[in-house]
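So you can see what is in the structure, the chains are spelled out below.
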Amino acid sequence: MQGRWSKGTKGVLAVVLLSMVTILGACGQSNNNNVQAANPSSGTPAASEGSTAAPSSAPQSTKLVVYSALNEDDIIQIQKKFKEDTGIDIEYLSIGSAGEASTRVQAEKDSPKADILVGGSVEFYQPLADQGLLEKYTSPNASGLDAKFNDPSGFWQGWYMGVLGIVLNKDRFEKELASKGVQEPQTWDDLLDSHYKGLFVTSNPATAGGAYIFAADQLFRLGDEKGWDYLKTLNGNVHHYTQKAGDPINLVATGEFAAGMAWAHDIVKTAKQGYPIKVIVPDQTAAEIGGVGIVKGGPNTENAKKFVDWLLTKPIQEMNTNSSNRYSVRSDVAPPEGMIKLEDVHLADYDRTKASAMKADVVKKFTDMIGTK
């Protein structure tokens, strides 16, 4: 009896031990994966090395959820290339404006759905960082960049640069404005000419990053009192405010309006498609630093870190410059074809930290000023 019991017990113990070995082995594999995923940049080339970041190991997941404030054709290109380079599938939501994208991240703070917020100026990222909604991460590929592109606190990363410009429909301008003796605008102040009344369209600072930077630019270059006077006077010429920064380009390109304000690189991109428009970059314009940030608590954080590393590599910076006409943050990438050289752009003295801090107050005052326009 005892012998049979001992034999049976040994059999049971053998099964239990085998199970424990199997479980421990699985745990060991899992732990290994965690360690490798926690160091996604090991083996990733530095910015100065100029090659695409390679994943250091198989990721825990092969998925990345992206909220995009980029043009949709840009995020489609990024989706395809990121899959080719890393094997990770991007599921994106093209929101189109940085304001809406950041609002969505705020609304989902208790249960984040996205891993990455990409596109739009970093002014929209700092408030999210202040609210604890972004994951702290500094890519090793950021070490060779100009300091202005890196968040010193590590919650957002600049990965492209753009400047604001005026878009003109050449046909409508010649027929309706030049015929009345109006010269092409060379400064922001030229847009206050009453001949533009009802012919000018721009975007809303409450929803479009470019529009907020434009409003802040006027306050910085003219001072608070004269800056608001400028915005009120310009409001008299504005037909209506669009939701997205790029919307005025389409309206001017198709001839619905004679002039508008938008990002210069987006204007050039549409002009290359054959529309009768041109871009003018006025003196004392403002620049955006296009951002990317990792959503804190997102489902695929390690893949999000790989994405930030990947965006800063030279091949991807060149791809983005060629396709979007935006300036690269890397000094070893040539400026986009058809764009004014960066050294010829005359920027206003724009305080990006102050712009972030005063954003809520400026947007509220601006919204009260324009009403439902």
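Look up: the structure comes first, before these words.
Note that the structure is predicted; figures quoted are calculated from it, not measured.

### What about helix H5 (residues 170-177)?
Residues of H5 that are buried include every one of Arg 172, Phe 173 and Leu 177, and no others. Axial view of H5: buried residues confined to an arc of 100°, hence all on one face. Looking at the buried side of H5, the elements it contacts are strand E5 (157-169).

### Points about the layout of surface pockets
Put simply, the largest pocket is a space of about 540 Å³. Taken together, 29 residues make up the lining of the largest pocket; nearest its centre are Leu 70, Asn 71, Gly 96, Gly 246 and Asp 266. Counting residues per element, the ones that place at least two in the lining of the largest pocket are helix H2 (72-86), strand E3 (116-121), helix H6 (209-222), helix H8 (247-253) and helix H9 (264-271). Looking at the lining of the largest pocket, the element that brings in the most residues is H9, giving four residues. Classifying every residue of the lining of the largest pocket gives eight nonpolar, 13 polar and eight charged.

### Focus on the packing of H6 against helix H7 (residues 224-237)
Where H6 contacts H7, the axes come no closer than 6 Å and their chain directions differ by 135°. Here H7 runs oblique to H6, going by the angle between their axes. Classified by chirality, the crossing of H7 by H6 is right-handed. Taking contact as the criterion, the partners of Phe 214, Ala 215, Gln 218, Leu 219, Arg 221 and Leu 222 in H6 are, on H7, Asp 224, Lys 226, Gly 227, Trp 228, Tyr 230, Leu 231 and Leu 234. Residues that form the contact of H6 with H7 fall into these classes: eight nonpolar, two polar and three charged.

About the cut-offs
Residues numbered from 1 in each chain as written. Predicted model: local features only at pLDDT ≥ 70, side-chain atom pairs only at ≥ 80, totals over all residues. Heavy atoms only, no water. Buried < 20%, exposed > 50% of the residue type's maximum accessible area, 1.4 Å probe, protein only. Helix = DSSP H or I, 4+ residues; strand = E, 2+ residues; numbered from the N terminus. Arc of directions from axis to C-beta. Contact = heavy atoms within 4.5 Å. 1 Å grid on protein atoms, 1.4 Å probe; cavity = no way out; pocket = protein on both sides within 12 Å on 5 of 7 lines; lining within 4 Å. Points joined across faces, edges and corners; volume = space filled by probe spheres on them. Nonpolar A, V, L, I, M, F, W, Y, C, P; charged D, E, K, R; others polar. Axes fitted to C-alpha atoms, helices over the stretch in contact; angles between N-to-C directions. Parallel < 35°, antiparallel > 145°, perpendicular 65-115°, else oblique. Left-handed = near helix turned anticlockwise from the far one by under 90°.

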